[in-house]
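# Structure assessment
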Amino acid sequence: MIFGRSERGKPPVEPVTLKILVAGGFGVGKTTLVGAVSEIRPLRTEELLTEAGRPVDDVSGVEGKHTTTVAMDFGRITLREDLVLYLFGTPGQERFWFMWDELSEGALGAVVLADTRRLEDCFAAVDYFERRSIPFVVGVNCFEGAARYPEQDVRQALDLDDGVPLLLCDARDRESVKETLIGVVQHAMARAAERRQAVTT
Ligand SMILES: Nc1nc2c(ncn2[C@@H]2O[C@H](COP(=O)(O)OP(=O)(O)OP(=O)(O)O)[C@@H](O)[C@H]2O)c(=O)[nH]1
Ligand SMILES: [Mg+2]
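Residues numbered from 1 in each chain as written. Chains lettered and ligands numbered in written order. Predicted model: local features only at pLDDT ≥ 70, side-chain atom pairs only at ≥ 80, totals over all residues. Heavy atoms only, no water.

## What about the overall build of the protein?
Put simply, the rule is: Secondary structure elements are defined from DSSP: runs of H or I of at least 4 residues count as helices, runs of E of at least 2 residues count as strands, and each element is numbered from the N terminus. Each residue gets one of three labels from its accessible area relative to the maximum for its type: buried under 20%, exposed over 50%, partly exposed in between, using a 1.4 Å probe on protein chains only. Here, residues are in contact when the closest pair of their heavy atoms is within 4.5 Å. Accessible surface area values rest on a Shrake-Rupley calculation with a 1.4 Å probe, where residue burial reflects the displayed protein chains alone. Positive charges are assigned to Lys and Arg, negative charges to Asp and Glu, while His and the chain termini are left out of the count. By convention, the point assigned to a charge is CZ for Arg, NZ for Lys, CD for Glu and CG for Asp.
Each helix and strand in the protein was counted, giving five helices and eight strands. When burial is assessed residue by residue, the protein has 45% of its 201 residues classed as buried. When contacts within the protein are restricted to residue pairs at least 6 apart in sequence, those whose partners lie at least 24 apart make up 73%. Looking at the protein as shown, the accessible area adds up to about 11400 Å², and 52% of this sits on carbon and sulfur atoms. Across the protein, the 24 positively charged side chains and the 32 negatively charged ones have centroids separated by 5 Å.

Next up, the structure:
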């Protein structure tokens, strides 16, 4: 006999779905991060990096990189049976940044991935979310061979507000990425609660 979902004891739960952006500079590991946690085959829009793009596409530090995201990455992860995240990875190269406004529509929050070898590449992403008051955390993607700096130094270099969480992560590791995403959700929820309180007091 086939049992319907509701007959197996628990009533089906309609999950809350939240939209999270994964942003940061060129080649910092955004596509890798979405691919590491997505439970569906991630939608990717990769194009080959070409010889013609060499002067503008700085691959130093990620010499093994042959493709780049031209529109977005899309993935999904169920954090709890009642909480599903839709992940939107942004294109890293500045010439595709016109996509960001579209992608950030309705987003709960964002992860700005940073590579400590090229921190300046994520300044623009930090600025972008600060200006629009979109809650974000900074995820320092720990590439092998990259020097580890004290948290305070990284915060200072990025000129981060004290309230912005800085988390270490490995974009290739599912558990590590999951923790970072939980960090975004918690931070965004806390920010929303603060705002509600500010309105009612
Ligand atoms: N060693 C190491 N390599 C990584 C890590 N994360 C990503 N990579 C590699 O770095 C390269 C860049 O990763 P992508 O995920 O394509 O970066 P991206 O941010 O999506 O790049 P764009 O879309 O072009 O901006 C790939 O070759 C990855 O295999 C990491 O944590 N450690
Ligand atoms: Mg990408």
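## Thoughts on the coordination of the magnesium ion (ligand 2)
Rules: Because water is not among the atoms used, a metal site may look incomplete, as its donors are only the N, O and S atoms within 2.8 Å, or 3.2 Å for Na, K and Ca.
All of the protein donors around the magnesium ion (ligand 2) are Thr31 (OG1) and Thr69 (OG1); their distances to the metal are 2.0 Å. Of the two residues, Thr31 sits in helix 1 (residues 30–37) while Thr69 sits in strand 3 (residues 67–69), which places them 38 residues apart along the sequence. Of the residues examined, Thr31 reaches a relative accessible area of 16% and is grouped as buried. Residue Thr69 is classed as buried on the basis of its relative accessible area of 5%.

## Regarding the layout of surface pockets
What counts is decided by this rule: A pocket, in this scheme, is an open set of points on a 1 Å grid over the protein atoms alone with protein on both sides within 12 Å along at least 5 of 7 lines, while a cavity is a set where a 1.4 Å probe fits but cannot get out; residues line either one if an atom lies within 4 Å of a point. Grid points are joined across faces, edges and corners, and a volume is the space filled by probe spheres set on the points. Only Asp, Glu, Lys and Arg are considered charged, only Ala, Val, Leu, Ile, Met, Phe, Trp, Tyr, Cys and Pro nonpolar, and every remaining residue, Gly among them, polar.
In this structure, the largest pocket spans a volume of roughly 370 Å³. What lines the largest pocket is a set of 24 residues, among which Gly27, Val28, Gly29, Thr32 and Lys65 lie closest to the centre. Counting residues per element, the ones that place at least two in the lining of the largest pocket are helix 1 and strand 3. Of the residues in the lining of the largest pocket, the class split is six nonpolar, 11 polar and seven charged. Reported here for the second largest pocket is a volume of approximately 280 Å³. Counted by class, the lining of the second largest pocket contains four nonpolar, three polar and seven charged residues.

## Some thoughts on the site of ligand 1
Put simply, the test is: Throughout, the term near means that a residue has one or more heavy atoms lying within 4 Å of the molecule or strand in question. Within 3.5 Å is the distance limit for a polar contact, defined as a pair of N or O atoms, with the added protein rule that one can donate a hydrogen and the other accept it, and that residues adjacent in sequence qualify only through two side-chain atoms. Just a note on the criterion: a molecule sits in a pocket or cavity if more than half of its atoms are within 2 Å of the grid points.
Near ligand 1, the surroundings consist of 19 residues, among which Lys30, Thr31, Thr32, Thr68 and Glu144 are the closest. At 3.1 Å, a backbone N or O of Val28 approaches an oxygen atom of ligand 1. Asn141 places a side-chain nitrogen or oxygen 2.9 Å from an oxygen atom of ligand 1. Out of a free accessible area of 660 Å², ligand 1 has 85% covered by protein chains. Most atoms of ligand 1, that is more than half of them, are within 2 Å of grid points of the largest pocket. Within the residue set of the shell around ligand 1, elements represented by two or more residues are helix 1 and strand 3.

## Concerning the environment of Phe26
Assignment of secondary structure puts Phe26 in the loop between strand 1 (16–24) and helix 1. When residues no more than four places from it in sequence are discounted, the contact partners of Phe26 are Leu49, Asp57, Asp58, Val59, Lys65, Thr68, Gly92, Gln93, Arg118 and Asp121.

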